[in-house]
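In case you want the letters, here they are:
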Amino acid sequence: MTRDDIVLEVKDLKTRFKVGKKIVNAVNGATFSLKRGKTLCIVGESGCGKSVTAHSILQLLPPVGYIEGGEVLYTPHTGDRPKSLSSMKRSGRAIRSIRGKEISMIFQDPMSTLNPVYTIGNQIMENLRHHEKISKAEARERIVRLLTELGIPEADRRFDEYPHQFSGGMKQRVMIAIAMICNPNILIADEPTTALDVTIQAQILELMQKMQQEHGTSVILITHNMGIVAEVADDVAVMYMGRVVEFGSLRQIFTNPKHPYTRALMRSVPVLGMDRSQELASIAGSTPDASTVFTGCEFANRCVHATDRCRNHFPEDREVEDGHRVRCFLYEEEMKQ
């Protein structure tokens, strides 16, 4: 893999929140890369830093949040010089020219993201006309065409309707339309199917894959659903307490998971045909408070393989095979045997 194959690279990203006198370590040195035209799934339990990582990429942090260290590099096209998104001012012209046009985001909850007092068409048009010099008539025609492609019937009429007149699945399609209307290079989808039933989930994922194939979009999909990961991912980043503890291709992560946390996540997935008496495996303990100051591996207190070394030292990010990286002392021990 060459530098030109990478459209986005996150290096040792650290994002903090200052809440009163407390510092919350939301992202604690995350490192991963997104290949051009591929799908990267970021997985992990709630509170592990997935969404904050996505918001950090686009500088969409609240006033109490800030990037303390690391770098986010974006390379729009093959041969271009990388742009450092993390060094741009969060409300500056440079990052605003990229948000919504070159890198778009589908937020987690369409119910609260869409503005109830504006029509659906108006909300999609706002993003399009902000980035492109286009008349209202041309914008409407383009939006109606996209809504039709996304499976919204009578798109010309529904263009003038309000969010409360749409179902949950239709609202999510509108969110995809807002994100895709400018044909971005990168689409970040933050748990886009969480509030939807399984049938609508499948339709939304199929729509996203179709849009990706037609426009060559690179996708970051944030989810905790390993079934969705198996369906759409090219690469997988497993996060725990703000760190990427394992990164690799879908095949590497699913057939040869190395980190104990990844293995625990895989065991907790229900499998079709399981016996009724068979209990799902759960991960012992609970996710620590993000403001906790650790002296060693954050997963040590929940890990059956943990030793004193794990509790007192941080494991390094090591490559165990081509493109497959893991943060765990267990790998070192296996190599000695």
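Going along each chain's sequence as written, the residues are numbered from 1 onward. Selection of residues for local features in this predicted model requires a pLDDT of at least 70, selection of side-chain atom pairs for listing and counting requires 80 or more, and totals for whole chains, interfaces and linings are taken over all residues. Excluded from the side-chain calculations are hydrogens and water; all other atoms, namely the structure's heavy atoms, are used.

(A) Fine view of the packing of helix H4 (residues 120–131) against helix H7 (residues 168–180). The axes used here are C-alpha line fits, helices contributing only the stretch in contact, and every angle between their N-to-C directions lies in the interval 0 to 180 degrees. Comment: elements are numbered from the N terminus, with helices defined as DSSP H or I runs of at least four residues and strands as E runs of at least two. Look at H4 against H7: their axes get within 8 Å of each other, and the N-to-C directions meet at 25°. The pairing of H4 with H7 is recorded here as roughly parallel in orientation. Where H4 crosses over H7, the handedness of that crossing is right-handed. Along the contact surface, H4 presents Ile120, Gln123, Ile124 and Asn127, while H7 presents Val174, Ala177 and Ile178. Polar here means any residue other than Ala, Val, Leu, Ile, Met, Phe, Trp, Tyr, Cys and Pro, which are nonpolar, and Asp, Glu, Lys and Arg, which are charged; Gly is therefore polar. Its residues placed into classes, the contact of H4 with H7 shows five nonpolar, two polar and no charged. The cut-offs work like this: below 35 degrees is roughly parallel, past 145 is roughly antiparallel, 65 to 115 is roughly perpendicular, and the gaps in between are oblique. Here is the rule for handedness: rotate from the far helix to the near one, and if that takes an anticlockwise turn smaller than a right angle the crossing is left-handed, while a clockwise turn gives right-handed. Contact between two residues is taken to exist if any of their heavy atoms lie within 4.5 Å; hydrogens are not considered.

(B) Highlighting the pairing of strand E12 (residues 324–327). Side chains His324 and Val326 of E12 all project onto a buried face; the interleaved residues Arg325 and Arg327 project onto the opposite face, where all are buried too. Strand pairing is defined by DSSP finding a minimum of two bridges between the two strands. Pairing of strand E10 (residues 243–249) with E12, which is carried by two bridges, proceeds in the antiparallel orientation. For Phe247, the partnering residue across the bridge sits in E12 and is Arg325. Bridging between strand E11 (residues 317–321) and E12 involves four bridges; their strand directions are antiparallel. Of the residues in E12, the one forming a bridge with Arg318 is Val326. Between E11 and E12, which pair antiparallel and follow one another directly, the connecting turn spans two residues, one of which, Gly323, has a positive phi of 80°. Between buried and exposed lies partly exposed: a residue is buried under 20% and exposed over 50% of the maximum accessible area for its type, with that area taken using a 1.4 Å probe on protein chains only.

(C) Local environment of the environment of Ile6. Note that Ile6 resides in strand E1 (residues 6–19). In this structure, the C-alpha to C-alpha distance between Ile6 and Pro76, residues 70 residues apart in sequence, is 9.4 Å.

(D) Quick peek at the layout of surface pockets. Grid points spaced at 1 Å and placed over the protein atoms alone form the basis of the search, with a cavity being a set where a 1.4 Å probe fits but cannot get out and a pocket an open set showing protein on both sides within 12 Å along at least five of seven lines. Lining residues have an atom within 4 Å of a point. Grid points are joined across faces, edges and corners, and a volume is the space filled by probe spheres set on the points. In this structure, the largest pocket occupies an estimated 540 Å³ of space. Every residue lining the largest pocket is counted, 22 residues in all, and those nearest its centre are Gly100, Phe107, Glu126, Asn127 and Ile178. Looking at the lining of the largest pocket, the elements with two or more residues in it are strand E6 (103–106), H4 and H7. Examining the composition of the lining of the largest pocket, we find that six residues originate from one element, H4, more than from any other. Per-class residue counts for the lining of the largest pocket are ten nonpolar, nine polar and three charged.

(E) Just unusual backbone geometry, in detail. Although it is not a glycine, Asp12 sits at a positive phi angle of roughly 50°. Residue position: Asp12 is located in strand E1. With a phi close to 50°, Asn183 is a non-glycine residue in the positive phi region. As for its position among the elements, Asn183 is in the loop between H7 and strand E7 (186–190).

Structural measurements only, silent on function.
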